Amino acid sequence: MAQAAGAARTVILTVDDDPGVSRAVARDLRRRYGESYRIVRAESGATALDALRELKLRGDQVAVIVADYRMPQMNGIEFLEEALDVHPGARRVLLTAYADTSAAIDAINVIDLDYYLLKPWDPPEEKLYPVLDDLLEVWRSAEYRSVPTTKVVGHRWSARSSAVREFLARNQVPYRWYSSDEPEGSRLLAAAGQDGLRLPLVITADGTVLVEPADAELAAQVGLATTPAARFYDLVVVGGGPAGLGAAVYGASEGLRTVLVERSATGGQAGQSSRIENYLGFPDGVSGAQLTDRARRQAAKFGAEILTAREVTGLEVDGSARSIRFSDGSAISAHCVILATGVSYRQLGAPGLTELTGRGVYYGSALTEAEACQGQDIYIVGGANSAGQAAMFLSRRAKSVTLLVRGSSLTDSMSYYLIQQIEHAPNIVVRTGTVVEAAHGTDHLEQLTLREVASGRSEMVDAQLLFVFIGAAPHTDWLGAAVLRDERGFIIAGPDLTGGDGHPPAGWELDRPPYHLETSVPGVFVAGDARAESAKRVASAVGEGAMAVMLVHRYLEQS
Ligand SMILES: Cc1cc2nc3c(=O)[nH]c(=O)nc-3n(C[C@H](O)[C@H](O)[C@H](O)COP(=O)(O)OP(=O)(O)OC[C@H]3O[C@@H](n4cnc5c(N)ncnc54)[C@H](O)[C@@H]3O)c2cc1C
């Protein structure tokens with residue numbers, strides 16, 4: 001059985017099959033954390049799991065688990081996977097030899113590993129303690145929110161129940177899910193005096209009962225900040241996707257009093273991506289949720305205030321102040337504003353598609369689902385370059401790709417080079433004048449009904465994967481005429497405002513032309529997908545967020 005020391009109840013557990021290494025890790029941990037934490041040591045995955053279960057039954061908390069990768073019977077990843085079931089809140093570190101780094105990187109996705117530490121970890125002051133300090137802080141802040149026992153009672157076919165779960169998950173709020181038709185779910189409903197007709201029911205850690213709560217009410221009750229701490233800031237960032245988070249990190253780290261306002265959950269589109277493959281520094285990809293969690297913590301660490309579930313509905317200029325108005329009518333002001341509200345991919349309206357989105361039906365970015373296409377007959381909707389590029393990309397793996405185009409040909413909407421490539425690809429079929437009439441499937445997409453526009457004839461085809469590329473719409477309607485936007489609603493900035501003649505836009509009163517990411521209103525900048533001509537990539541959104549902050553400094557110096 002594991003050996004324990006110290007009286008404190010919160011535990012740091014370490015497991016290594018080499019007794020010498022195991023003792024050395026425990027010794028180093030005890031030296032730094034022994035006063036505040038109980039260090040528990042085990043020499044195999046099985047004994048460590050026994051120890052974890054025992055701790056669970058006693059109600060002890062486990063803050064961090066440090067596991068060796070190469071252990072007989074059960075390796076470190078397998079062990080951590082099981083440990084996660086027992087203590088899901090514990091932060092996870094894998095101890096590896098240099099040769100095992102790729103396995104450790106895989107583990108980042110498999111078990112949501114927080115860190116892998118290379119052996120030897122000497123000197124611990126440089127290599128071990130900073131990692132542990134960070135993880136303990138993360139663990140404590142999750143505890144501080146004190147909502148690990150928030151309960152959600154809902155039903156899997158209730159759309160609002162799914163939306164609430166997603167909201168909590170995307171905001172990293174731990175909760176327990178109970179189906180309303182399970183005994184414990186029924187007991188909770190009864191205790192709250194509910195008949196289960198209005199779902200979900202959310203019971204917060206302090207026992208407050210919320211029935212079908214709206215995002216803002218839920219956010220406030222589970223400890224997410226929804227109210228600004230001040231009336232005036234140096235910088236307000238609207239939107240908490242990669243561009244907004246990038247701006248918040250750089251703004252706050254460079255000393256600007258920064259507030260970020262997000263209407264739903266931080267992460268934006270990237271937060272919904274199962275794996276981002278092309279973000280610099282992550283050769284094996286990174287899940288959007290993980291990237292978001294880190295960025296959010298980073299922004300908070302530098303002192304950025306993050307307001308969640310607050311929608312911005314107006315932008316006003318009052319002298320040198322720029323104000324943003326919330327949907328409840330209240331407002332905050334700042335010297336500068338960065339608009340980072342991103343886009344949503346346009347949805348197809350056919351019956352069945354909404355229910356199957358994410359379960360065989362995908363919008364916007366097919367690349368992350370490429371693996372799933374191996375050997376499959378797949379369908380793509382769209383006649384523009386994005387659909388063409390996806391068809392070419394996915395045809396490398398798919399058995400066949402059918403491109404469904406509403407119009408009568410591709411020539412008006414797609415680049416010539418792509419049309420040529422598609423014509424030469426042996427496994428791509430283009431069906432012009434064809435639309436998706438309905439999608440069918442219970443748990444996932446199984447069939448599509450296709451209709452020929454001219455003849456009205458319908459046919460049912462087997463399909464497990466459908467990718468839709470029918471354009472993106474920016475979240476900018478709320479801006480009205482406050483800043484110049486292009487005909488599709490994207491915000492125009494910098495050189496694009498001055499047109500070919502180099503003249504600034506009408507109403508521009510400064511002697512200088514607009515800075516690169518500056519909109520038609522001085523001091524109001526745009527970053528990421530919402531900008532006209534933007535790249536629609538995570539890296540470019542983050543980069544523009546950082547660059548916009550640099551321009552904010554320049555604006556503040558000169559105004
Ligand atoms: C499924 C999927 C997978 C993807 N995969 C990749 C990939 O692998 N690689 C890659 O480079 N790119 C990928 N992308 C594209 C990438 O995610 C986007 O380019 C990037 O997220 C853009 O960042 P952004 O901050 O500009 O906007 P968004 O991510 O769209 O974030 C905007 C945020 O602003 C908030 N917001 C909007 N309006 C308001 C308002 N009025 N008030 C307050 N908040 C508001 C939204 O809720 C949202 O959180 C993917 C996109 C999707 C949908």
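The coordinates are above.
Now for a look at the structure at hand. Given the structure is predicted, the values throughout are model-derived calculations rather than measurements. (Residues numbered from 1 in each chain as written. Predicted model: local features only at pLDDT ≥ 70, side-chain atom pairs only at ≥ 80, totals over all residues. Heavy atoms only, no water.)

### Quick notes on the pattern of salt bridges
Under the criterion given, the structure shown has 25 salt bridges. Residue Glu-212 pairs with Arg-198 through a salt bridge whose shortest N-O separation is 3.0 Å. One end of the pair, Glu-212, is in the loop between strand 10 (209-211) and helix 9 (215-221); the other, Arg-198, is in the loop between helix 8 (183-191) and strand 9 (201-203), with 14 residues separating them in the sequence. Connected via shared salt-bridge partners are Arg-27, Asp-28, Arg-31 and Glu-125. (Salt bridge = Lys/Arg side-chain N within 4 Å of Asp/Glu carboxyl O. Helix = DSSP H or I, 4+ residues; strand = E, 2+ residues; numbered from the N terminus.)

### Re the nonpolar core
Counting 28 residues, the largest nonpolar core has Leu-13, Val-15, Leu-52, Ile-65, Phe-79, Leu-80 and Leu-94 as the members making the most contacts within it. One finds Leu-235, Ala-248, Ala-340 and Tyr-555 within the second-largest nonpolar core, a separate group that totals 27 residues. (Core = buried A, V, L, I, M, F, W, Y, C linked by side-chain atoms within 4.5 Å. Buried < 20%, exposed > 50% of the residue type's maximum accessible area, 1.4 Å probe, protein only.)

### Details of the site of the ligand
As a matter of local geometry, the ligand sits amid 34 residues, with Ala-243, Glu-262, Gln-269, Asn-278 and Asp-529 nearest to it. Residue Glu-262 places a side-chain N or O atom 2.7 Å away from an oxygen atom belonging to the ligand. Protein burial of the ligand: of its 1000 Å² of free accessible surface, 93% is covered by the chains. When residues of the shell around the ligand are traced back to their parent elements, those giving at least two are helix 10 (242-253), helix 11 (268-271) and helix 17 (538-558). Per element, the largest residue contribution to the shell around the ligand is three residues, and it comes from helix 11. Tallied by class, the residues present in the shell around the ligand amount to 13 nonpolar, 13 polar and eight charged. (Near = heavy atom within 4 Å. Polar contact = N/O pair within 3.5 Å; in protein donor to acceptor, adjacent residues only side chain to side chain. Areas by Shrake-Rupley, 256 points an atom, 1.4 Å probe, with all protein chains shown as cover. Nonpolar A, V, L, I, M, F, W, Y, C, P; charged D, E, K, R; others polar.)

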